[in-house]
Amino acid sequence: MAVCARLCGVGPSRGCRRRQQRRGPAETAAADSEPDTDPEEERIEASAGVGGGLCAGPSPPPPRCSLLELPPELLVEIFASLPGTDLPSLAQVCTKFRRILHTDTIWRRRCREEYGVCENLRKLEITGVSCRDVYAKLLHRYRHILGLWQPDIGPYGGLLNVVVDGLFIIGWMYLPPHDPHVDDPMRFKPLFRIHLMERKAATVECMYGHKGPHHGHIQIVKKDEFSTKCNQTDHHRMSGGRQEFRTWLREEWGRTLEDIFHEHMQELILMKFIYTSQYDNCLTYRRIYLPPSRPDDLIKPGLFKGTYGSHGLEIVMLSFHGRRARGTKITGDPNIPAGQQTVEIDLRHRIQLPDLENQRNFNELSRIVLEVRERVRQEQQEGGHEAGEGRGRQGPRESQPSPAQPRAEAPSKGPDGTPGEDGGEPGDAVAAAEQPAQCGQGQPFVLPVGVSSRNEDYPRTCRMCFYGTGLIAGHGFTSPERTPGVFILFDEDRFGFVWLELKSFSLYSRVQATFRNADAPSPQAFDEMLKNIQSLTS
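Residues numbered from 1 in each chain as written. Predicted model: local features only at pLDDT ≥ 70, side-chain atom pairs only at ≥ 80, totals over all residues. Heavy atoms only, no water.

### Description of the pairing of strand 18 (residues 478-491)
The element strand 18 is largely enclosed, with a buried count of eleven among its 14 residues. Summarising the sheet, strand 17 (residues 464-474) and strand 18 pair through ten bridges and their orientation is antiparallel. Across the sheet, residue T469 finds its bridge partner in strand 18, namely P484. Hairpin remark: strand 17 followed by strand 18, antiparallel, with three residues in the connecting loop; positive phi at G476, about 80°. (Buried < 20%, exposed > 50% of the residue type's maximum accessible area, 1.4 Å probe, protein only. Helix = DSSP H or I, 4+ residues; strand = E, 2+ residues; numbered from the N terminus. Pairing = 2+ DSSP bridges.)

What follows is the structure in structure tokens.
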């Protein structure tokens with residue numbers, strides 16, 4: 001604290017010096033080690049009567065306390081506890097406050113408490129950069145880009161997490177694990193970073209490619225949107241386009257071209273490589289939030305990795321809206337793009353699976369699901385659904401087309417989710433889960449014969465099942481329609497969906513990563529975000 005006092009030039013008052021004359025030699029020597037005060041501080045303390053024993057007679061009434069009368073070390077503690085955004089206003093109050101606010105202890109604490117910078121910031125002294133510079137020119141300036149974002153890469157989308165990492169701000173692109181290992185952890189790679197190399201301004205560097213960091217640019221369009229631009233795109237290229245494709249294929253899919261025998265899958269992979277390569281890390285990002293959680297949700301909402309046939313693994317956000325749950329694609333494909341709702345679960349309609357032997361019979365499962373679909377259709381016609389849609393937490397309103405009739409085959413379609421009407425009390429899902437007819441924990445589960453699955457290592461027990469619908473469409477999101485299916489809850493971190501029309505099974509596993517600055521400010525803000533990202537690809 002002596003350093004803080006020297007910065008301000010304040011110390012003991014004249015009253016304190018008079019007390020020194022009455023002290024013994026040891027007390028006087030200890031007092032002489034304290035820093036001197038400046039004339040302004042002496043005048044403030046003298047005029048306020050600070051330093052008892054200055055005059056004989058009755059003591060005057062205690063004066064009103066002023067911040068200017070507090071010792072500088074106490075002011076440092078007070079200022080360090082205030083939000084950094086309030087400190088510039090304090091600097092305009094007086095010269096004393098302005099000098100104290102140059103104390104790096106204050107800004108070191110603000111960097112730690114507001115942005116989680118836990119590194120020893122003292123090493124900044126070597127480069128001549130102060131904690132105040134880090135706060136003002138790096139952390140505070142780019143605070144609006146911290147959190148989760150979805151890049152505008154056509155139908156493919158993506159998941160970007162911008163974090164404070166030591167003395168850097170880094171944009172990490174999160175990628176699903178290689179198909180079909182849905183339970184593996186997420187992969188991630190840096191797309192850009194921002195840091196302070198000198199006191200003038202922060203430096204933005206593009207991290208795309210294999211030639212190291214190079215010059216980039218970030219423009220904050222508005223609070224919920226920003227864009228990146230690479231100024232040296234030649235750093236993204238490798239010698240020979242074929243080698244560049246093979247490197248991308250190994251990183252994106254964990255395979256070589258020779259490992260992929262399915263011709264349709266080869267076409268999809270090549271299409272994605274050509275489409276995504278043209279952006280050269282010059283992208284626009286839009287903010288996304290994690291879904292709000294309620295105590296009566298079926299399971300904790302959040303991000304999941306799911307299997308989507310030849311498209312590989314994709315990232316889906318599970319959220320709850322009254323008596324319905326929705327899975328929204330964060331990453332997508334040419335059939336069903338990012339932003340669309342891949343599955344919708346009707347939590348009012350439970351499905352009781354047959355015994356294990358009959359579960360293997362696809363026709364038996366189809367009969368059960370279509371009976372529930374007919375019941376849902378009758379309820380909609382009777383107006384029961386519309387009467388209840390004003391209650392509970394509401395999601396974005398969408399049109400409710402009649403469920404499509406099952407067809408024999410849909411060769412050009414791909415699975416995805418679809419929006420539906422909202423309504424119902426939030427507790428209905430839990431109430432349904434407590435019914436005796438549920439699929440209890442540990443009930444055996446097996447896929448019907450003829451239903452394909454990318455991952456044969458799916459759970460063999462389930463908790464409960466619900467009626468749901470999924471969205472399928474042709475290439476380019478043509479002729480989208482909803483088709484019936486079964487939502488299977490395995491445990492807190494895994495669920496599945498059987499697409500009846502496609503005779504296909506998708507397995508979803510929770511993303512276990514922790515994301516800061518990603519919570520929605522309100523349920524309404526989250527619903528508005530869902531509508532916005534869906535409208536971009538509708």
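Next, the rest of the story.
### Focus on the packing of helix 5 (residues 72-80) against helix 8 (residues 104-115)
It is at 9 Å that the axes of helix 5 and helix 8 come closest, and there the two elements cross at 25°. The angle between helix 5 and helix 8 falls in the class roughly parallel. Helix-helix and strand crossings are classified by hand; for helix 5 and helix 8 the assignment is right-handed. On helix 8, the residues that touch V76, E77, F79 and A80 of helix 5 are I106, R109 and R110. Residues of the contact of helix 5 with helix 8, tallied by class, amount to four nonpolar, no polar and three charged. (Axes fitted to C-alpha atoms, helices over the stretch in contact; angles between N-to-C directions. Parallel < 35°, antiparallel > 145°, perpendicular 65-115°, else oblique. Left-handed = near helix turned anticlockwise from the far one by under 90°. Contact = heavy atoms within 4.5 Å. Nonpolar A, V, L, I, M, F, W, Y, C, P; charged D, E, K, R; others polar.)

### Examining the packing of helix 8 against helix 9 (residues 131-139)
For the pair helix 8 and helix 9, the least separation of the axes is 7 Å and the interaxial angle reads 40°. Judged on the interaxial angle alone, helix 9 and helix 8 are oblique. Here helix 8 contributes D104, W107, R108, R110, C111, E114 and Y115 to the contact with helix 9, which in turn contributes C131, R132, V134, Y135 and L139. For the contact of helix 8 with helix 9, the residue count by class is seven nonpolar, no polar and five charged.

### Description of the pairing of strand 11 (residues 324-329)
The buried fraction of strand 11 is high, at six of six residues. On strand 11, burial covers both faces: R324, R326 and T328 on one face and A325, G327 and K329 on the other are all buried. Pairing analysis gives six bridges linking strand 10 (residues 313-321) to strand 11, with the strands arranged antiparallel. Note on strand 11: the bridge partner recorded for S319 is R326. Count of turn residues in the strand 10/strand 11 antiparallel hairpin: two residues, of which G322 carries a positive phi of about 65°. In terms of strand pairing, strand 11 meets strand 12 (residues 341-350) through five bridges, oriented antiparallel. Bridge assignment links R326 to a residue of strand 12, and that residue is E344.

### Let's talk about the sheet that holds strand 5 (residues 203-206)
In space, the eight strands of this closed barrel follow the order 1-2-3-4-5-6-7-8, with antiparallel pairing throughout. Strand-to-strand, the axes of this sheet are offset by a mean angle of 35°, without reference to chain direction. Judged from the three bridges that link them, strand 7 (residues 225-230) and strand 8 (residues 284-287) form a sheet pairing that is antiparallel. Paired with F226 across the two strands is Y285, which belongs to strand 8.

### Description of the packing of aromatic side chains
A complete count under the given rule lists 24 aromatic pairs for this structure. Ring centres of W172 and F188 lie 5.4 Å apart, and the angle between their planes is 85°; this geometry places the pair in the edge-to-face category. Taken together, the positions of W172 in strand 3 (residues 168-175) and F188 in strand 4 (residues 187-195) put the pair 16 residues apart, joining distant regions of the chain. With relative accessibility at 48%, the residue F188 sits in the partly exposed group. Seen in terms of ring centroids, F226 and Y285 are 4.9 Å apart; in terms of plane orientation they differ by 15°. Their pairing is stacked. Taken together, the positions of F226 in strand 7 and Y285 in strand 8 put the pair 59 residues apart, joining distant regions of the chain. Given the relative accessible area of 0%, F226 is considered buried. Taken together, the aromatic side chains of F304, Y308, F466, F487, F495 and Y508 make up a single cluster linked through ring pairs. Sitting above the plane of the F466 ring, R350 keeps its charged end 5.0 Å from the centroid. Residue placement shows R460 over the ring face of Y458; its charged tip is 3.7 Å from the ring centre. (Phe/Tyr/Trp six-rings, centres within 6.5 Å; stacked < 30°, edge-to-face > 60°. Lys NZ or Arg CZ within 6 Å of the ring centre and 35° of its normal.)

### Here we look at helix 5
Helical geometry: 3.6 residues make up each α-helical turn, so side chains three or four residues apart lie on a common side. Turning to helix 5, its buried residues number three or more, namely P72, L75, V76, F79 and A80. Across the axial projection of helix 5, the buried residues extend over an arc of 130°, all falling on one side. (Arc of directions from axis to C-beta.)

### Considering helix 11 (residues 263-277)
For helix 11, which comprises 15 residues, the first-to-last C-alpha distance of 21 Å matches the rise-based estimate of 21 Å (1.5 Å per residue) to within 8%. Restricting attention to buried positions, one finds in helix 11 the residues M265, L268, I269, F273, T276 and S277. Seen from one end, helix 11 has its buried residues packed into an arc of 150°, which puts them on one side. Projecting away from the buried face of helix 11 at angles above 90 degrees are the exposed residues E263 and I274. (Expected span 1.5 Å × (residues − 1).)

### What about unusual backbone geometry?
With omega at 5°, the peptide bond leading from D179 into P180 counts as cis. By the element assignment, P180 lies in the loop between strand 3 and strand 4. The backbone phi angle of K503 is positive, close to 50°, even though this residue is not glycine. Judged by its relative accessible area of 40%, K503 falls in the partly exposed class.

### Comments concerning the nonpolar core
Core analysis: the biggest nonpolar cluster contains 44 residues, and I145 and I194 have the highest contact counts within it. For this core, the elements supplying multiple residues, two or more each, are helix 5, helix 6 (87-91), helix 7 (95-100), helix 8, helix 9, strand 2 (159-165), strand 3 and strand 4. Per-element tally for this core: the top contributor is helix 9, with five residues. Counting residues in hydrophobic clusters, the runner-up holds 24 residues, among them L353, I368, Y458 and L507. (Core = buried A, V, L, I, M, F, W, Y, C linked by side-chain atoms within 4.5 Å.)

### Some remarks on the pattern of salt bridges
Opposite charge on two side chains permits pairing when their charged atoms draw close. By the definition in use, this model includes 25 salt bridges. In this structure, R377 engages E374 in a salt bridge whose closest nitrogen and oxygen atoms are separated by 3.8 Å. Note that R377 and E374 are positioned in helix 13 (residues 362-381) at a spacing of three residues, about one turn of the helix. When its relative accessible area of 34% is taken as the criterion, E374 is described as partly exposed. Linked through salt bridges whose partners overlap, the residues forming this network are E77, R109, R110, E113 and E114. (Salt bridge = Lys/Arg side-chain N within 4 Å of Asp/Glu carboxyl O.)

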